[in-house]
Amino acid sequence: MAEGGWAVEVTVSVGDGAEGVDGAVSLYRWLVDEPELQAGVSLEAEPSEPGQMGGGLELVNVVLSNSIALASLVTAVATWRGSRARPPQIRLERDGVVVTLQDGSPEAVEQILRVWSEGERGQGDEGGAPGSGARGRERG
């Protein structure tokens, strides 16, 4: 573990339906190729709702040991999204704060990190700034 015991878990979901499952598997493969991230990346199935057929949505869980890896994760996810022919919606959750990645711009990456940083300081989540490419909300 990192100095001071810093660790954080981020859950990433991709699109929905079959696109989401395929996208999550593709994103997982992309992330395990990143040296800073590969050790903490896992692919999990979210339980399906009662009455639904089939398995639930695939989620990519990433456990990170430092803030540099957190920035690397968001950048890698944005880069992967930009590599897709039809970029899917990406939802990232950290400590109950959910953000939606709407584009892969450096500004969107910075906004996500800022929203999560504000959440750490207990200031709450005001969401992404207009045109930032990121939207956030605190999960309650």
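Provided above is the structure to which this section pertains.
Undergrad: What am I meant to see in the overall build of the chain here?
TA: In terms of regular secondary structure, the chain is built from three helices and six strands. Listing each helix as α and each strand as β along the chain from the N terminus yields β-α-β-β-α-β-β-α-β. Looking at the chain as a whole, 41% of its 140 residues qualify as buried. Summarising the internal contacts of the chain: among those between residues at least 6 apart in sequence, 59% fall at separations of at least 24. By element, 47% of the accessible surface of the chain is carried by carbon and sulfur atoms, the whole surface being about 7,800 Å².

Undergrad: Any chance you could explain the pairing of strand β5 (residues 97–101) here in plain terms?
TA: On a regular strand, each side chain points to the face opposite its neighbour's, so the side chains alternate between the two faces of the sheet. Among the five residues that make up β5, five are buried, leaving the element largely enclosed by the rest of the structure. Judged by which residues are buried, β5 turns out to be covered on both faces: Val 97, Val 99 and Leu 101 on one side and Val 98 and Thr 100 on the other are all buried. Bridging between strand β4 (residues 90–94) and β5 involves five bridges; their strand directions are antiparallel. Its bridge partner lying in β5, Leu 92 is registered against Val 99. A loop of two residues connects β4 with β5, the two strands running antiparallel in sequence, and Asp 95 in this loop sits at a positive phi of about 50°.

Undergrad: In this structure, what is going on with the nonpolar core? I would like to understand it.
TA: It is characteristic of soluble globular proteins that their nonpolar side chains tend to be buried jointly. Counting residues in each nonpolar core, the largest one holds 30 residues, and the members touching the most others are Leu 31, Leu 64, Leu 92 and Trp 116. Where this core is concerned, the elements lending two or more residues are β1 (8–14), α1 (17–32), β3 (58–64), α2 (67–82), β4, β5 and α3 (106–120). Among the elements that line this core, the one with the most residues is α2, at eight residues. Beyond its immediate chain neighbours, meaning those up to four positions away, Leu 92 contacts Val 10, Thr 11, Val 12, Val 97, Val 98, Val 99, Leu 101, Ile 112 and Trp 116.

Undergrad: Which parts of the structure should I look at to understand α2?
TA: Count 3.6 residues to each turn of an α-helix, and residues three or four apart come out pointing the same way. With 16 residues, α2 extends 23 Å from end C-alpha to end C-alpha; this agrees with the ideal 22 Å at 1.5 Å per step. Of all the residues in α2, the buried ones are Ala 69, Leu 70, Leu 73, Val 74, Ala 76, Val 77, Ala 78, Trp 80 and Arg 81. Between a side-chain oxygen at the N-terminus of α2 and the backbone nitrogen of Ile 68 the separation is 3.1 Å; the capping residue is Asn 66.

Undergrad: Would you take a moment to explain the pattern of salt bridges for this structure?
TA: A pair can form between side chains of opposite charge whenever their charged atoms are brought close. Applying the stated criterion across every chain, the model contains two salt bridges. Ionic pairing is found between Arg 91 and Glu 93, a salt bridge with its closest N-O pair at 3.4 Å. For the salt bridge of Asp 95 with Arg 94, the shortest nitrogen-to-oxygen distance reads 3.6 Å. Judged by relative accessible area, which is 61%, Asp 95 ranks as exposed. On the basis of relative accessible area, Arg 94 is assigned to the buried category, the value being 5%.

Basis of the calculations
Residues numbered from 1 in each chain as written. Predicted model: local features only at pLDDT ≥ 70, side-chain atom pairs only at ≥ 80, totals over all residues. Heavy atoms only, no water. Helix = DSSP H or I, 4+ residues; strand = E, 2+ residues; numbered from the N terminus. Buried < 20%, exposed > 50% of the residue type's maximum accessible area, 1.4 Å probe, protein only. Contact = heavy atoms within 4.5 Å. Areas by Shrake-Rupley, 256 points an atom, 1.4 Å probe, with all protein chains shown as cover. Pairing = 2+ DSSP bridges. Core = buried A, V, L, I, M, F, W, Y, C linked by side-chain atoms within 4.5 Å. Expected span 1.5 Å × (residues − 1). Polar contact = N/O pair within 3.5 Å; in protein donor to acceptor, adjacent residues only side chain to side chain. Salt bridge = Lys/Arg side-chain N within 4 Å of Asp/Glu carboxyl O.

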